[in-house]
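Here is how the chains run, residue by residue.
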Amino acid sequence: MNDDDRQNMAGQLDRMLVAVADCRDRQAFKSLFEYFAPRVKAFGLRQGADPGMADEVVQETMINVWRKAKQFEATKASASTWIFAIARNMRIDMLRKANRPEPDMDDPAMVPDPEPQAHEIIHRKQEARRIEEAFASLPAEQQEVLRLAFFEDKAHSRVAAELGIPLGTVKSRIRLAFRHLRGVVGEEQ
Amino acid sequence: MNISHHPSEDLLLDYASGALGEAWSLAVATHLALCPGCRRVVSGMEALGGSMLDSIVPAPTSRNTLNAVMTRLDAMTERDAAVPAAPPADGHTPILPQPLRGYAGADADGLNWQRLGLGAYQMPIPTGDKGVTARLLRIPAGRPVPKHSHGGLELTLVLSGAFSDATGSYGRGDLQAADENLEHQPHAEPGEDCICLAITDAPLRFSSLAARMVQPLLGI
């Protein structure tokens, strides 16, 4: 897939998710399922779930996509990012049997985001793409640390053990990787 | 409010990827409620997670999985669909932001604080994390906490008042991460009691014999 295809695909997925939210569009939901279910399943398998358990994570994730679709804000995140977060939470809930504490946007104690400027809204849409480009431009060793962190549910201390490198090295690679990403995301602002 | 002490990138990454345990996540999530800047960093990390989900090699799902999901959608009424909750109408800002207030069961002025001695109080916060202790501490304005070092990791998130030690001054929203290498003697700053959330995975090591003697009685 080249960059334009990827952008078109991302735009289509966003529109399908909005159709699920606004019109309870079942055809759009099935298309989302076709794209995301095999990916969420692969994600679960990489994290040590057996195939049956991975299927359950897929089911619960997709049910929650349907239930929570109205909370999706296309200006803030892509459909892939939003569904990644749901799948991550399902995995914590089902595979680790644990709660995930999260801030509540409606809580009166919540310190709100600064009002975004018009140009920032566009930037946020591009942010994911720039992060992806920045990731691709990282040294292989930093990519590897981040991939292990996301896909294999490994705290960075376990990533260190796995790669046979000191914890301090992993931490400094993570810091470098995100300093780089922060720089890329922050530029033009 | 100016937050000057933030969680490290690796702590935010473990939270964003889902690898961080519940008690530590409680401190990070409560910091995020107070810190739009760190929320932005976590959003960026989640965007990276989203792009990794796009690029993963898919594992085929069976037709049955789709059918099972569609059957469950049929059985759901629209009342099951999650709608964003309306914000409470009053103008007062709770001391404990969510998700911490929910874990504590009430805001700071509605809790059954346990006396620790020397004017300090604590309130244990139950989480599902075994081997990790979460508690709220209330240190009277202007008073010191006995000098101590750490057997493991300690995260301290200030919610009200402020404390300071040799590493700086910490106010509402500031998060301090301490490990074996930090020995410190925090003081609550004058003016207001300091309420903070403390997460530890090993008992503190107090430097003075007297503090060590009362430690088992206080359970800290």
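Please read all numbers here as calculations on a predicted model, not as lab measurements. (Residues numbered from 1 in each chain as written. Chains lettered and ligands numbered in written order. Predicted model: local features only at pLDDT ≥ 70, side-chain atom pairs only at ≥ 80, totals over all residues. Heavy atoms only, no water.)

(A) Main features of the overall build of chain B. A tally of regular secondary structure across chain B gives six helices and eleven strands. Buried residues in chain B amount to 54% of all 220 residues. In chain B, the proportion of contacts linking residues at least 24 apart, taken out of those at least 6 apart, comes to 67%. Accessible surface, chain B: about 9700 Å² in total, of which carbon and sulfur atoms supply 54%. (Helix = DSSP H or I, 4+ residues; strand = E, 2+ residues; numbered from the N terminus. Buried < 20%, exposed > 50% of the residue type's maximum accessible area, 1.4 Å probe, protein only. Contact = heavy atoms within 4.5 Å. Areas by Shrake-Rupley, 256 points an atom, 1.4 Å probe, with all protein chains shown as cover.)

(B) A look at the sheet that holds strand E7 (residues 168-170) of chain B. All names here are of chain B. In space, the three strands of this open sheet follow the order E7-E6-E9, with antiparallel pairing throughout. Pairing within the sheet leaves two strands with one partner each, and these edge strands are E7 and strand E9 (187-188). Bridging between strand E6 (residues 163-165) and E7 involves three bridges; their strand directions are antiparallel. Residue pairing across strands places Ser164 opposite Ser169, the latter belonging to E7. (Pairing = 2+ DSSP bridges.)

(C) Spatial organisation of the nonpolar core. Counting residues in each nonpolar core, the largest one holds 98 residues, and the members touching the most others are Phe29, Phe36, Met62 and Leu146 of chain A together with Leu136, Leu197 and Ile199 of chain B. By residue number, the principal contributor to this core is helix H2 (residues 26-46) of chain A, which donates ten residues. No fewer than three residues from each of domain 1 (3-99) and domain 2 (118-188) of chain A sit in this core. Not counting chain neighbours up to four residues away, the residues in contact with Leu197 of chain B comprise Leu26, Ala27, Leu100, Ile125, Arg135, Leu136, Leu155, Thr156, Leu157 and Leu159 of chain B. Judged by nonpolar contacts, the second largest core, of eleven residues, contains Ala120, Ile139, Val158 and Ala198 of chain B. (Core = buried A, V, L, I, M, F, W, Y, C linked by side-chain atoms within 4.5 Å. Domains from an automatic or database assignment.)

(D) Structural view of the packing of aromatic side chains. Scanning all chains against the criterion turns up six aromatic pairs over all chains. On the basis of an interplanar angle of 15° and a centroid distance of 4.9 Å, the ring pair of Phe163 of chain B and Tyr170 of chain B is categorised as stacked. Exposure remark for Tyr170 of chain B: the relative accessible area of 5% places this residue in the buried category. Grouping aromatic residues by their ring pairs yields a cluster made of Phe43, Phe84 and Phe150 of chain A. Its guanidinium or amino end placed over the ring of Trp66 of chain A, Arg24 of chain A lies 4.4 Å from that ring's centre, counting from NZ or CZ. The positively charged end of Arg138 of chain B is found above the aromatic ring belonging to Trp113 of chain B, 5.1 Å away from the centroid. (Phe/Tyr/Trp six-rings, centres within 6.5 Å; stacked < 30°, edge-to-face > 60°. Lys NZ or Arg CZ within 6 Å of the ring centre and 35° of its normal.)

(E) Layout of the packing of helix H1 (residues 9-17) of chain B against helix H3 (residues 36-55) of chain B. Residues and elements named next belong to chain B. The contact between H1 and H3 brings their axes to 9 Å, and the two run at 55°. The angle between H1 and H3 places the two elements in the oblique class. Crossing angle aside, the handedness with which H1 passes H3 is right-handed. Across the interface between the two elements, Glu9, Leu12, Leu13, Tyr15 and Ala16 of H1 pack against Cys38, Val41, Val42, Met45 and Glu46 of H3. (Axes fitted to C-alpha atoms, helices over the stretch in contact; angles between N-to-C directions. Parallel < 35°, antiparallel > 145°, perpendicular 65-115°, else oblique. Left-handed = near helix turned anticlockwise from the far one by under 90°.)

(F) Focus on the pairing of strand E5 (residues 154-160) of chain B. All names here are of chain B. Most of E5 sits out of view: seven of its seven residues are buried. Pairing geometry for E5 and strand E8 (residues 175-178), over four bridges, is antiparallel. Note on E8: the bridge partner recorded for Thr156 is Gln176. Pairing of E5 with strand E10 (residues 194-200) involves six bridges; the strand directions are antiparallel. When the bridges of E10 are listed, Val158 appears paired with Cys196.

(G) Main features of the packing of helix H4 (residues 79-95) of chain A against H3 of chain B. Relative orientation of the contacting elements H4 of chain A and H3 of chain B amounts to 95°, with a least axis distance of 7 Å. The angle between H4 of chain A and H3 of chain B places the two elements in the roughly perpendicular class. Between H4 of chain A and H3 of chain B, the contacting residues are Ser80, Thr81, Ile83, Phe84, Ala85 and Arg88 of chain A on the first element and Glu46, Ala47, Gly49, Gly50, Leu53 and Asp54 of chain B on the second. Its residues assigned to classes, the contact of H4 of chain A with H3 of chain B comprises five nonpolar, four polar and three charged. (Nonpolar A, V, L, I, M, F, W, Y, C, P; charged D, E, K, R; others polar.)

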